[in-house]
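Fold and geometry: a report
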Amino acid sequence: MHAPKNGFFYIIDRKDGKLLSAEPFAKVTWATGIDMETGRPIEAEGARYLTEPVTIWPSVFGAHSWHAMSYNPGTGLVYIPKMELATHWDDTKIDLNSWKKPSFQIDVGAEVGLGNDIPKDAGVSSLMAWDPVKRKAVWEIPQPNYWNAGTLTTAGNLVFQGRIDGKFAAYDARDGKELWSVNVGSGISAPPITYAVDGTQYVSLLVGFGGAAVAYGGGSSMAQYGWGYRGQLRQLLTFAVGADKPIPEVGEPTFVRVLNPPEFQLDDTLADRGEHVYKASCAWCHGAGAVSGGYTPDLRASEAFLDLDQLKTIVQDGALQNNGMPNFKNLSDGDLEALRHFVRKKAMEAQTPSH
Ligand code: HEC
(Lines give C-alpha, C1' and ligand atoms only; values in the text may rest on other atoms or scores of the structure.)
Protein backbone atom coordinates (compact mmCIF):
# COMPACT_ATOMS: atom_id res chain seq x y z
CA MET A 1 0.00 0.00 0.00
CA HIS A 2 1.46 3.31 -1.07
CA ALA A 3 0.14 6.87 -0.83
CA PRO A 4 2.77 8.87 -2.72
CA LYS A 5 2.98 12.57 -3.43
CA ASN A 6 0.94 12.31 -6.62
CA GLY A 7 -2.36 11.89 -4.72
CA PHE A 8 -3.32 8.32 -5.69
CA PHE A 9 -3.51 5.47 -3.17
CA TYR A 10 -1.92 2.43 -4.83
CA ILE A 11 -2.40 -1.18 -3.82
CA ILE A 12 0.05 -3.52 -5.51
CA ASP A 13 0.12 -7.29 -5.18
CA ARG A 14 3.34 -8.05 -3.38
CA LYS A 15 3.69 -11.47 -5.04
CA ASP A 16 3.73 -10.33 -8.65
CA GLY A 17 3.67 -6.51 -8.63
CA LYS A 18 0.25 -6.35 -10.26
CA LEU A 19 -1.62 -3.11 -9.70
CA LEU A 20 -4.88 -3.85 -7.85
CA SER A 21 -6.24 -0.35 -7.32
CA ALA A 22 -5.24 3.32 -7.49
CA GLU A 23 -7.81 5.80 -6.18
CA PRO A 24 -7.32 9.52 -5.52
CA PHE A 25 -7.17 10.19 -1.74
CA ALA A 26 -6.79 13.99 -2.06
CA LYS A 27 -7.54 16.72 -4.56
CA VAL A 28 -5.77 15.77 -7.79
CA THR A 29 -5.93 17.90 -10.95
CA TRP A 30 -2.88 16.76 -12.94
CA ALA A 31 -4.39 13.35 -13.84
CA THR A 32 -7.92 12.04 -14.17
CA GLY A 33 -7.02 8.52 -13.05
CA ILE A 34 -4.57 5.66 -13.36
CA ASP A 35 -4.79 3.24 -16.27
CA MET A 36 -5.20 -0.15 -14.57
CA GLU A 37 -3.63 -2.03 -17.50
CA THR A 38 -0.42 -0.04 -17.74
CA GLY A 39 -0.26 1.58 -14.29
CA ARG A 40 0.40 4.90 -16.05
CA PRO A 41 -1.46 8.09 -15.13
CA ILE A 42 -4.11 9.46 -17.46
CA GLU A 43 -2.86 13.03 -17.72
CA ALA A 44 -5.32 15.90 -17.51
CA GLU A 45 -5.39 18.40 -20.33
CA GLY A 46 -3.04 21.34 -19.71
CA ALA A 47 -1.12 19.62 -16.91
CA ARG A 48 2.19 20.25 -18.68
CA TYR A 49 1.52 24.04 -18.94
CA LEU A 50 2.64 24.05 -22.59
CA THR A 51 0.54 27.05 -23.58
CA GLU A 52 -0.46 28.81 -20.38
CA PRO A 53 0.29 28.82 -16.66
CA VAL A 54 -1.60 26.29 -14.59
CA THR A 55 -2.36 25.66 -10.93
CA ILE A 56 -1.97 22.01 -10.02
CA TRP A 57 -3.06 19.94 -7.02
CA PRO A 58 -1.23 18.40 -5.22
CA SER A 59 1.64 20.86 -4.70
CA VAL A 60 5.36 20.11 -5.03
CA PHE A 61 5.20 18.87 -1.43
CA GLY A 62 2.69 16.21 -2.43
CA ALA A 63 -0.67 15.06 -1.09
CA HIS A 64 1.37 12.90 1.30
CA SER A 65 5.11 13.35 1.73
CA TRP A 66 7.68 11.43 3.79
CA HIS A 67 5.72 11.75 7.06
CA ALA A 68 4.97 8.13 7.90
CA MET A 69 1.51 6.72 7.38
CA SER A 70 0.54 3.68 9.45
CA TYR A 71 -1.65 0.59 9.01
CA ASN A 72 -3.70 -1.06 11.73
CA PRO A 73 -4.58 -4.72 10.96
CA GLY A 74 -7.27 -4.56 13.68
CA THR A 75 -9.30 -1.76 12.12
CA GLY A 76 -8.06 -2.47 8.59
CA LEU A 77 -7.44 1.27 8.13
CA VAL A 78 -4.45 3.30 6.96
CA TYR A 79 -3.77 6.60 8.78
CA ILE A 80 -2.41 9.23 6.42
CA PRO A 81 -1.16 12.74 7.19
CA LYS A 82 -2.83 14.23 4.12
CA MET A 83 -2.00 17.61 2.59
CA GLU A 84 -4.09 19.85 0.35
CA LEU A 85 -2.04 22.57 -1.36
CA ALA A 86 -1.53 23.66 -4.95
CA THR A 87 1.52 24.84 -6.91
CA HIS A 88 1.22 27.45 -9.66
CA TRP A 89 3.46 26.65 -12.64
CA ASP A 90 4.34 29.43 -15.05
CA ASP A 91 7.13 29.38 -17.63
CA THR A 92 5.83 32.23 -19.79
CA LYS A 93 8.65 34.56 -18.69
CA ILE A 94 11.39 31.95 -19.12
CA ASP A 95 13.21 31.55 -22.43
CA LEU A 96 13.29 27.77 -22.70
CA ASN A 97 15.63 27.90 -25.71
CA SER A 98 18.42 29.43 -23.66
CA TRP A 99 17.51 27.92 -20.27
CA LYS A 100 20.13 25.54 -18.87
CA LYS A 101 20.00 23.25 -15.90
CA PRO A 102 21.98 25.11 -13.25
CA SER A 103 24.49 23.50 -10.91
CA PHE A 104 23.73 23.44 -7.17
CA GLN A 105 20.66 25.61 -7.53
CA ILE A 106 17.00 24.78 -7.65
CA ASP A 107 15.65 26.02 -10.97
CA VAL A 108 12.98 23.87 -12.57
CA GLY A 109 12.59 26.09 -15.63
CA ALA A 110 9.24 27.39 -14.37
CA GLU A 111 8.11 29.99 -11.87
CA VAL A 112 6.64 28.30 -8.81
CA GLY A 113 6.06 31.51 -6.87
CA LEU A 114 9.10 31.55 -4.55
CA GLY A 115 9.55 35.31 -4.99
CA ASN A 116 6.46 35.88 -2.92
CA ASP A 117 5.51 34.97 0.59
CA ILE A 118 3.41 31.84 1.14
CA PRO A 119 0.43 33.12 3.14
CA LYS A 120 -0.61 31.72 6.51
CA ASP A 121 -3.65 29.97 5.05
CA ALA A 122 -1.97 28.63 1.88
CA GLY A 123 -2.92 24.99 2.48
CA VAL A 124 -4.95 22.70 4.66
CA SER A 125 -4.49 19.14 5.83
CA SER A 126 -6.06 16.32 7.76
CA LEU A 127 -5.43 13.12 9.57
CA MET A 128 -7.28 10.73 7.32
CA ALA A 129 -8.31 7.11 7.98
CA TRP A 130 -8.46 5.37 4.60
CA ASP A 131 -10.08 2.01 3.99
CA PRO A 132 -7.87 0.28 1.41
CA VAL A 133 -10.47 -2.39 0.59
CA LYS A 134 -13.46 -0.08 0.16
CA ARG A 135 -11.06 2.51 -1.36
CA LYS A 136 -12.47 5.49 0.50
CA ALA A 137 -11.95 7.68 3.56
CA VAL A 138 -13.69 6.44 6.72
CA TRP A 139 -13.02 9.46 8.90
CA GLU A 140 -11.00 12.63 8.62
CA ILE A 141 -9.87 15.16 11.26
CA PRO A 142 -8.88 18.61 9.95
CA GLN A 143 -5.40 19.66 11.07
CA PRO A 144 -3.83 23.14 11.03
CA ASN A 145 -1.75 24.17 8.02
CA TYR A 146 -0.52 21.55 5.55
CA TRP A 147 2.68 20.22 7.16
CA ASN A 148 1.92 17.83 10.02
CA ALA A 149 3.83 14.84 11.31
CA GLY A 150 3.73 11.11 10.67
CA THR A 151 1.31 8.72 12.39
CA LEU A 152 1.57 5.68 14.66
CA THR A 153 -1.27 3.26 15.36
CA THR A 154 -1.40 0.64 18.13
CA ALA A 155 -3.13 -2.68 18.83
CA GLY A 156 -5.11 -0.87 21.54
CA ASN A 157 -6.79 1.08 18.73
CA LEU A 158 -5.05 4.42 19.16
CA VAL A 159 -3.60 6.74 16.53
CA PHE A 160 -0.90 9.20 17.61
CA GLN A 161 0.09 12.23 15.57
CA GLY A 162 2.09 15.41 16.21
CA ARG A 163 1.16 18.73 14.66
CA ILE A 164 2.87 21.81 13.30
CA ASP A 165 1.57 23.91 16.21
CA GLY A 166 3.17 21.75 18.92
CA LYS A 167 0.14 19.65 19.84
CA PHE A 168 0.70 15.90 20.21
CA ALA A 169 -2.57 13.95 20.32
CA ALA A 170 -4.04 10.45 20.51
CA TYR A 171 -7.23 9.54 18.66
CA ASP A 172 -9.54 6.55 18.64
CA ALA A 173 -8.43 4.54 15.61
CA ARG A 174 -12.00 3.49 14.85
CA ASP A 175 -13.75 6.87 14.66
CA GLY A 176 -11.09 9.57 15.07
CA LYS A 177 -12.36 10.85 18.41
CA GLU A 178 -9.62 12.80 20.20
CA LEU A 179 -8.77 11.07 23.49
CA TRP A 180 -5.68 12.88 24.83
CA SER A 181 -3.31 15.69 23.91
CA VAL A 182 -0.34 17.65 25.21
CA ASN A 183 1.52 20.80 24.13
CA VAL A 184 5.19 19.96 23.51
CA GLY A 185 6.30 23.55 22.84
CA SER A 186 7.64 23.15 19.32
CA GLY A 187 6.47 22.06 15.90
CA ILE A 188 6.62 18.29 15.36
CA SER A 189 7.90 16.60 12.18
CA ALA A 190 8.69 13.07 13.33
CA PRO A 191 6.31 10.16 13.88
CA PRO A 192 6.22 8.70 17.39
CA ILE A 193 7.33 5.13 18.13
CA THR A 194 6.04 2.67 20.72
CA TYR A 195 7.73 -0.16 22.63
CA ALA A 196 7.37 -2.08 25.91
CA VAL A 197 9.89 -2.57 28.72
CA ASP A 198 9.06 -4.85 31.69
CA GLY A 199 5.38 -4.80 30.86
CA THR A 200 5.07 -1.01 30.51
CA GLN A 201 4.28 0.39 27.11
CA TYR A 202 5.94 3.66 26.13
CA VAL A 203 5.42 6.18 23.34
CA SER A 204 8.45 8.26 22.39
CA LEU A 205 8.47 11.36 20.23
CA LEU A 206 11.24 13.52 18.83
CA VAL A 207 10.10 17.13 19.10
CA GLY A 208 11.48 19.55 16.53
CA PHE A 209 10.37 21.22 13.36
CA GLY A 210 11.81 20.98 9.84
CA GLY A 211 11.61 19.42 6.40
CA ALA A 212 11.28 20.62 2.84
CA ALA A 213 8.15 22.74 3.31
CA VAL A 214 9.95 24.64 6.07
CA ALA A 215 13.15 25.13 4.10
CA TYR A 216 12.14 25.34 0.46
CA GLY A 217 8.65 26.67 1.13
CA GLY A 218 8.90 28.64 4.33
CA GLY A 219 6.99 31.91 4.20
CA SER A 220 4.39 33.08 6.70
CA SER A 221 2.69 29.71 6.32
CA MET A 222 5.55 28.15 8.32
CA ALA A 223 6.79 31.24 10.21
CA GLN A 224 3.44 31.93 11.89
CA TYR A 225 4.07 29.37 14.67
CA GLY A 226 7.32 30.98 15.82
CA TRP A 227 9.60 27.94 15.54
CA GLY A 228 12.46 30.24 14.62
CA TYR A 229 16.05 29.43 13.71
CA ARG A 230 17.97 28.43 16.89
CA GLY A 231 14.84 29.31 18.90
CA GLN A 232 13.53 25.76 19.10
CA LEU A 233 13.94 23.54 22.13
CA ARG A 234 14.40 20.14 20.54
CA GLN A 235 13.73 17.18 22.81
CA LEU A 236 12.96 13.49 23.02
CA LEU A 237 9.81 13.00 25.12
CA THR A 238 8.56 9.64 26.36
CA PHE A 239 5.02 8.98 27.63
CA ALA A 240 3.43 6.06 29.49
CA VAL A 241 0.01 5.41 30.97
CA GLY A 242 0.12 6.26 34.69
CA ALA A 243 3.48 8.07 34.49
CA ASP A 244 3.66 10.67 37.26
CA LYS A 245 6.42 13.03 36.12
CA PRO A 246 5.36 16.42 34.77
CA ILE A 247 6.29 17.29 31.19
CA PRO A 248 9.75 18.90 31.25
CA GLU A 249 10.04 22.54 30.40
CA VAL A 250 8.94 23.05 26.79
CA GLY A 251 9.99 25.66 24.24
CA GLU A 252 8.35 28.99 23.52
CA PRO A 253 7.59 30.51 20.13
CA THR A 254 10.02 33.24 19.02
CA PHE A 255 9.17 35.68 16.26
CA VAL A 256 11.42 37.53 13.86
CA ARG A 257 11.88 41.29 14.16
CA VAL A 258 12.25 42.62 10.64
CA LEU A 259 14.78 45.47 10.23
CA ASN A 260 13.74 48.61 8.39
CA PRO A 261 16.51 51.24 8.34
CA PRO A 262 14.77 54.50 7.40
CA GLU A 263 17.77 55.76 5.43
CA PHE A 264 17.66 52.88 2.92
CA GLN A 265 16.79 54.09 -0.59
CA LEU A 266 14.97 51.31 -2.40
CA ASP A 267 15.64 50.83 -6.12
CA ASP A 268 12.84 48.73 -7.63
CA THR A 269 14.82 47.70 -10.71
CA LEU A 270 17.61 46.37 -8.54
CA ALA A 271 15.06 44.64 -6.29
CA ASP A 272 13.63 42.85 -9.36
CA ARG A 273 17.06 41.62 -10.35
CA GLY A 274 17.64 40.58 -6.74
CA GLU A 275 14.44 38.55 -6.79
CA HIS A 276 15.83 36.37 -9.59
CA VAL A 277 19.08 35.78 -7.72
CA TYR A 278 17.15 35.05 -4.56
CA LYS A 279 14.82 32.50 -6.18
CA ALA A 280 17.69 30.64 -7.85
CA SER A 281 20.18 30.58 -4.97
CA CYS A 282 18.66 31.47 -1.61
CA ALA A 283 14.91 30.70 -1.51
CA TRP A 284 15.34 26.96 -1.04
CA CYS A 285 16.80 27.50 2.43
CA HIS A 286 15.79 31.04 3.41
CA GLY A 287 12.13 30.70 2.37
CA ALA A 288 9.69 32.03 -0.22
CA GLY A 289 9.53 35.82 -0.37
CA ALA A 290 12.50 36.06 2.06
CA VAL A 291 10.26 34.88 4.91
CA SER A 292 12.15 32.09 6.66
CA GLY A 293 10.22 29.07 7.87
CA GLY A 294 12.72 28.72 10.73
CA TYR A 295 15.22 26.43 9.03
CA THR A 296 17.63 29.37 8.58
CA PRO A 297 17.88 32.96 9.86
CA ASP A 298 15.27 35.30 8.38
CA LEU A 299 17.24 37.54 6.04
CA ARG A 300 14.89 40.49 6.57
CA ALA A 301 16.14 40.58 10.16
CA SER A 302 19.82 40.04 9.32
CA GLU A 303 22.31 42.79 10.16
CA ALA A 304 24.55 41.39 7.44
CA PHE A 305 22.15 42.73 4.83
CA LEU A 306 22.68 46.29 6.03
CA ASP A 307 26.30 46.25 4.93
CA LEU A 308 27.59 45.02 1.55
CA ASP A 309 31.05 44.10 2.88
CA GLN A 310 29.63 41.94 5.64
CA LEU A 311 27.33 40.27 3.14
CA LYS A 312 30.27 39.53 0.83
CA THR A 313 32.18 37.91 3.69
CA ILE A 314 29.29 35.54 4.35
CA VAL A 315 27.98 34.86 0.84
CA GLN A 316 31.10 35.03 -1.36
CA ASP A 317 33.83 34.09 1.15
CA GLY A 318 31.82 31.48 3.05
CA ALA A 319 32.32 32.85 6.57
CA LEU A 320 29.45 30.73 7.94
CA GLN A 321 30.11 27.65 5.83
CA ASN A 322 30.75 25.44 8.87
CA ASN A 323 27.25 26.28 10.09
CA GLY A 324 25.58 25.19 6.87
CA MET A 325 25.55 28.48 4.95
CA PRO A 326 27.15 27.65 1.55
CA ASN A 327 29.43 30.08 -0.26
CA PHE A 328 28.41 31.44 -3.62
CA LYS A 329 31.60 32.44 -5.43
CA ASN A 330 29.59 32.81 -8.64
CA LEU A 331 27.60 35.76 -7.31
CA SER A 332 29.01 39.21 -8.21
CA ASP A 333 29.02 42.30 -6.01
CA GLY A 334 26.21 43.55 -8.27
CA ASP A 335 24.16 40.42 -7.54
CA LEU A 336 24.62 40.94 -3.82
CA GLU A 337 23.64 44.61 -4.03
CA ALA A 338 20.52 43.54 -5.97
CA LEU A 339 19.78 40.95 -3.26
CA ARG A 340 20.05 43.67 -0.64
CA HIS A 341 17.36 45.67 -2.42
CA PHE A 342 15.10 42.63 -2.80
CA VAL A 343 15.41 41.72 0.89
CA ARG A 344 14.79 45.35 2.01
CA LYS A 345 11.75 45.50 -0.25
CA LYS A 346 10.35 42.38 1.41
CA ALA A 347 11.14 43.83 4.83
CA MET A 348 9.21 47.00 3.95
CA GLU A 349 6.24 44.96 2.71
CA ALA A 350 6.16 43.13 6.05
CA GLN A 351 5.68 46.48 7.80
CA THR A 352 2.75 47.65 5.70
CA PRO A 353 -0.66 46.87 7.26
CA SER A 354 -1.98 44.96 4.21
CA HIS A 355 0.62 42.26 4.89
C1 HEC B 1 21.74 25.23 1.82
C2 HEC B 1 20.97 26.18 2.59
C3 HEC B 1 21.28 27.67 2.38
C4 HEC B 1 21.27 28.38 1.19
C5 HEC B 1 20.97 27.88 -0.20
C6 HEC B 1 21.55 29.75 1.56
N7 HEC B 1 21.71 29.85 2.92
FE8 HEC B 1 22.18 31.55 3.93
N9 HEC B 1 22.24 30.49 5.67
C10 HEC B 1 22.01 29.15 5.80
C11 HEC B 1 22.19 28.77 7.19
C12 HEC B 1 22.01 27.39 7.76
C13 HEC B 1 22.52 29.94 7.89
C14 HEC B 1 22.84 30.07 9.38
C15 HEC B 1 24.31 29.89 9.61
C16 HEC B 1 24.68 30.12 11.05
O17 HEC B 1 24.01 29.60 11.95
O18 HEC B 1 25.64 30.84 11.30
C19 HEC B 1 22.55 31.00 6.90
C20 HEC B 1 22.88 32.30 7.21
C21 HEC B 1 22.91 33.34 6.29
C22 HEC B 1 23.26 34.70 6.62
C23 HEC B 1 23.59 35.24 8.01
C24 HEC B 1 22.31 35.70 8.64
C25 HEC B 1 22.47 36.25 10.03
O26 HEC B 1 22.26 37.44 10.21
O27 HEC B 1 22.75 35.46 10.95
C28 HEC B 1 23.17 35.42 5.47
C29 HEC B 1 23.43 36.92 5.29
C30 HEC B 1 22.78 34.51 4.41
N31 HEC B 1 22.63 33.25 4.94
C32 HEC B 1 22.57 34.86 3.11
C33 HEC B 1 22.26 33.97 2.09
C34 HEC B 1 22.08 34.35 0.71
C35 HEC B 1 22.19 35.78 0.19
C36 HEC B 1 21.81 33.22 0.02
C37 HEC B 1 21.63 33.07 -1.49
C38 HEC B 1 22.67 33.62 -2.31
C39 HEC B 1 21.82 32.12 0.97
N40 HEC B 1 22.08 32.62 2.22
C41 HEC B 1 21.60 30.79 0.65
C42 HEC B 1 21.67 28.28 4.79
C43 HEC B 1 21.58 28.60 3.45
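Please refer to the structure placed before this passage.
In this convention, every chain numbers its residues from 1, walking through the sequence in written order. Side-chain atom pairs in this predicted model are given and counted only at pLDDT of 80 or more, local residue features only at pLDDT of at least 70, and totals for whole chains, interfaces and linings cover all residues. Just so you know, side-chain values use all the structure's heavy atoms and leave hydrogens and water out.

1. Some points on the coordination of the iron atom of the ligand
- With water omitted from the atoms examined, metal sites may look incomplete; donors here are N, O and S atoms no farther than 2.8 Å from the metal, or 3.2 Å in the case of Na, K and Ca. Surrounding the iron atom of the ligand are the protein donor atoms His 286 (NE2) and Met 325 (SD), which sit 2.0 to 2.1 Å from the metal.
- A four-donor site is called tetrahedral if each angle lies between 85 and 135 degrees; a four-donor site is square planar, and a six-donor site octahedral, when trans pairs exceed 155 degrees and the remaining angles lie between 65 and 115; all other cases are labelled irregular. Coordination at the iron atom of the ligand comes from six donor atoms whose angles at the metal span 88 to 180°, giving a geometry best classed as octahedral. With a gap of 39 residues between them, His 286 in helix α3 (residues 268–286) and Met 325 in the loop between α4 (308–315) and α5 (333–351) connect regions that are remote in the sequence. In this pair, the class of His 286 matches that of Met 325, namely buried. For the purposes of this entry, the term helix denotes a DSSP run of H or I that reaches at least four residues, the term strand denotes a run of E that reaches at least two, and both are numbered from the N terminus. Any residue under 20% of the maximum accessible area for its type is buried, any over 50% is exposed, and the rest in between are partly exposed; the area is computed with a 1.4 Å probe on protein chains only.

2. What to know about the sheet that holds strand β10 (residues 136–143)
- Two strands pair if DSSP finds at least two bridges between them. Reading across from one edge, β6-β7-β9-β10 is the order of the four strands in this open sheet, with antiparallel pairing throughout. Sheet topology places β6 (70–72) and β10 at the edges, where each strand pairs with a single neighbour. Pairs of neighbouring strands in the sheet enclose a mean axial angle of 25°, with direction left out of account.
- In the sheet, strand β9 (residues 124–131) pairs with β10 via seven bridges, with the strands oriented antiparallel. Directly across from Asp 131, in β10, lies its bridge partner Lys 136. The convention used is that axes are lines fitted to C-alpha atoms, helices contributing only their stretch in contact, and that angles between N-to-C directions extend from 0 to 180 degrees.

3. Structural notes on the site of the ligand
- Whether a residue is near a molecule or strand is decided by its heavy atoms; if any one of them lies within 4 Å of it, the residue is near. For the ligand, the set of nearby residues contains 24 residues, the closest of which are Tyr 229, Cys 282, Cys 285, His 286 and Met 325.
- In protein, a polar contact means a hydrogen-donor-capable atom and an acceptor-capable atom, both N or O and within 3.5 Å, with residues adjacent in sequence counting only if both atoms are side-chain atoms; elsewhere, any N or O pair within 3.5 Å suffices. Contacts to the ligand include Tyr 229, whose side-chain N or O atom sits 2.6 Å from an oxygen atom.
- Take Ser 302: an N or O atom from its side chain is 2.7 Å from an oxygen atom of the ligand.
- If you list the elements that add at least two residues to the shell around the ligand, you get α3 and α4.
- Among the elements that take part in the shell around the ligand, α3 stands out by supplying five residues, more than any other.

4. Side note on the pairing of β9
- Of all eight residues in β9, seven are buried; the element is thus mostly enclosed.
- The pairing of strand β7 (residues 77–84) with β9 spans seven bridges and is classified as antiparallel. Paired with Ile 80 across the strands is Met 128, a residue of β9.
- In textbook terms, the turn of a hairpin is the stretch between consecutive antiparallel strands, and for β9 and β10 this stretch comprises four residues, one of which, Arg 135, has a positive phi near 60°.

5. Looking at the sheet that holds strand β13 (residues 167–172)
- Reading across from one edge, β11-β12-β13-β14 is the order of the four strands in this open sheet, with antiparallel pairing throughout. Strand pairing shows two members of the sheet lacking a second neighbour, β11 (151–153) and β14 (178–183), which therefore form its edges. Pairwise comparison of adjacent strand axes, ignoring direction, gives a mean angle of 15° for this sheet.
- With five bridges joining them, β13 and β14 adopt antiparallel strand pairing. Paired with Ala 169 across the two strands is Ser 181, which belongs to β14.

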